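Chain and residue survey
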Amino acid sequence: ELKVEQNPLFLSMQEGKNYTIYCNYSTTSDRLYWYRQDPGKSLESLFVLLSNGAVKQEGRLMASLDTKARLSTLHITAAVHDLSATYFCAVDPGGGADGLTFGKGTHLIIQP
Amino acid sequence: GAGVSQSPSNKVTEKGKDVELRCDPISGHTALYWYRQSLGQGLEFLIYFQGNSAPDKSGLPSDRFSAERTGGSVSTLTIQRTQQEDSAVYLCASSPRGTSAEPSSYEQYFGPGTRLTVT
């Protein structure tokens with residue numbers, strides 16, 4: 001059974017700081033997704049990572065994937081209050097015939 | 001363009017009643033997924049459709065849950081004899097699903113969800 005673990009699950013940080021959210025998964029996969037969820041809202045796609053070594057950046061967020069280590073990271077640079085949200089990583093267990101397996105989410109609060 | 005839409009946005013029902021939840025995917029998306037999100041269980045995959053067929057029903061939590069998709073488009077998720085533990089937000093997502101090698105073809109685009117409360 002595929003397990004996806006995120007850490008930390010809760011993070012409070014100050015504006016201007018950098019931080020990294022980690023996502024470990026238990027079985028081989030080369031498709032990793034990052035989503036953002038605001039309170040009471042649905043999931044917004046941030047990144048799709050499809051191969052070992054993939055790196056994607058959008059604004060202050062950068063995601064990377066190491067399939068050998070079964071690890072993805074979401075790095076936040078010079079955080080701003082608008083990035084406060086819950087961030088989920090999700091893994092496609094294989095082949096396109098299955099749904100995504102999600103981590104528990106990282107609740108991020110950025111204090112002005 | 002139009003995104004994934006779901007209806008109703010909120011549903012309150014009494015224990016033991018049946019409910020139907022509807023999902024309209026993005027036009028042209030061949031794959032459709034149902035998930036649910038609850039405080040206790042997080043985000044769980046329920047069922048996947050490719051076209052009208054559902055090769056993977058493994059995530060459906062019990063035989064009270066069923067889903068169908070017609071015309072390769074609209075899908076309905078039906079919960080029979082609802083129980084309080086069925087209370088959750090039910091999310092639908094659609095995807096072009098590998099129609100090209102581009103990463104965007106693997107993205108899953110989520111609808112706003114249906115909040116189901118069973119009293």
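Coordinates for the structure precede this section.
Reading guide: rules and limits
Residues numbered from 1 in each chain as written. Chains lettered and ligands numbered in written order. Predicted model: local features only at pLDDT ≥ 70, side-chain atom pairs only at ≥ 80, totals over all residues. Heavy atoms only, no water. Disulfide = S-S within 2.5 Å. Helix = DSSP H or I, 4+ residues; strand = E, 2+ residues; numbered from the N terminus. Core = buried A, V, L, I, M, F, W, Y, C linked by side-chain atoms within 4.5 Å. Buried < 20%, exposed > 50% of the residue type's maximum accessible area, 1.4 Å probe, protein only. Contact = heavy atoms within 4.5 Å. Salt bridge = Lys/Arg side-chain N within 4 Å of Asp/Glu carboxyl O. Pairing = 2+ DSSP bridges. Axes fitted to C-alpha atoms, helices over the stretch in contact; angles between N-to-C directions. Buried area = accessible area lost by both parts, 1.4 Å probe. Nonpolar A, V, L, I, M, F, W, Y, C, P; charged D, E, K, R; others polar.

On to the state of the cysteines. Residue and element names in this part refer to chain A. Overall, the coordinates contain two disulfides over all chains when judged by the stated rule. Two residues, Cys 23 and Cys 89, share a disulfide whose sulfurs are 2.0 Å apart. Of note, the bridge from Cys 23 to Cys 89 carries an S-S torsion of about 80° and is right-handed in sense. You can see Cys 23 sitting in strand β3 (residues 19-25) and its partner Cys 89 sitting in strand β9 (residues 85-91), a full 66 residues away along the chain.

Leu 32, Trp 34, Leu 74 and Tyr 87 of chain A are the most contacted members of the largest nonpolar core, which totals 25 residues. Only β2 (10-14), β3, β4 (32-37), β5 (43-49), β7 (61-66), β8 (71-76), β9 and β11 (106-111) of chain A provide two or more residues apiece to this core. When residues in this core are grouped by element, the largest group, four residues, is from β9 of chain A. Membership of the second largest hydrophobic core comes to 20 residues, among which are Val 4, Leu 21, Leu 60 and Leu 116 of chain B.

This next bit is on the environment of Gly 113 of chain B. Residue and element names in this part refer to chain B. Positionally, Gly 113 belongs in the loop between β10 (109-110) and β11 (114-118). Look at Gly 113 and you get buried, because its relative accessible area is 7%. Once the C-alpha coordinates of Gly 113 and Pro 61 are considered, the two residues, 52 residues apart in sequence, prove to be 18 Å apart. In this view, Gly 113 contacts Gln 6, Pro 8, Ser 9, Val 89, Tyr 90 and Leu 91; residues no more than four positions away in its chain are not counted.

A few words now on the pattern of salt bridges. Residues and elements named next belong to chain B. All chains considered together, the criterion is met by six salt bridges over all chains. Close ionic contact of Glu 44 with Arg 36 constitutes a salt bridge, the shortest N to O distance being 2.9 Å. When its relative accessible area of 22% is taken as the criterion, Glu 44 is described as partly exposed. As a salt-bridge pair, Arg 64 and Asp 86 come within 2.8 Å of each other at their nearest N and O atoms. Of this pair, Arg 64 sits in the loop between β6 (53-56) and β7 (65-69) while Asp 86 sits in the loop between β8 (75-79) and β9 (88-95), and the two are 22 residues apart along the sequence. For Arg 64, a relative accessible area of 12% gives the class buried. Looking at Asp 86, the relative accessible area reads 2%, which means it is buried.

All names here are of chain B. Pairing is antiparallel in the open sheet, where four strands are placed in the order β1-β3-β8-β7. Since the sheet does not close on itself, it has two edges, and those belong to β1 (5-7) and β7, each with one partner. Along the sheet, successive strands turn relative to each other by an average axial angle of 15°, direction set aside. Two strands pair when backbone bridges link them, and β7 and β8 are joined in this way by five bridges, in the antiparallel orientation. For Arg 69, the partnering residue across the bridge sits in β8 and is Ser 75.

Here we take up unusual backbone geometry. The omega torsion across Asn 7 of chain A and Pro 8 of chain A is -5°, close enough to zero to call that bond cis. Each neighbour pair has its own omega, and for Ser 7 of chain B with Pro 8 of chain B the value is -10°, a cis peptide bond. By secondary structure assignment, the location of Pro 8 of chain B is in the loop between β1 and β2 (10-13). Of note, the phi angle at Arg 70 of chain A is positive, near 55°, even though the residue is not glycine. Inspection of the secondary structure puts Arg 70 of chain A in the loop between β7 and β8. Located in the positive-phi region is Arg 81 of chain B, a residue other than glycine, with phi close to 50°. Arg 81 of chain B sits in the partly exposed class, given a relative accessible area of 43%.

This paragraph deals with the interface of chain B and chain A. On the chain A side, the residues contacting the 18 residues of chain B number 18 residues. A combined buried area of about 1,600 Å² lies between chain B and chain A, and 55% of that area is made up of carbon and sulfur atoms. Looking at the side of chain B facing chain A, the largest losses of area belong to Leu 43, Tyr 106 and Phe 110 of chain B, adding up to 33% of the total buried there. Where chain B packs against chain A, one counts zero salt bridges. Counting residues per element, the ones that place at least two in the side of chain B that touches chain A are β4 (31-38) and β5 (42-50) of chain B. In terms of residue class, the side of chain B that touches chain A is made up of 11 nonpolar, three polar and four charged.

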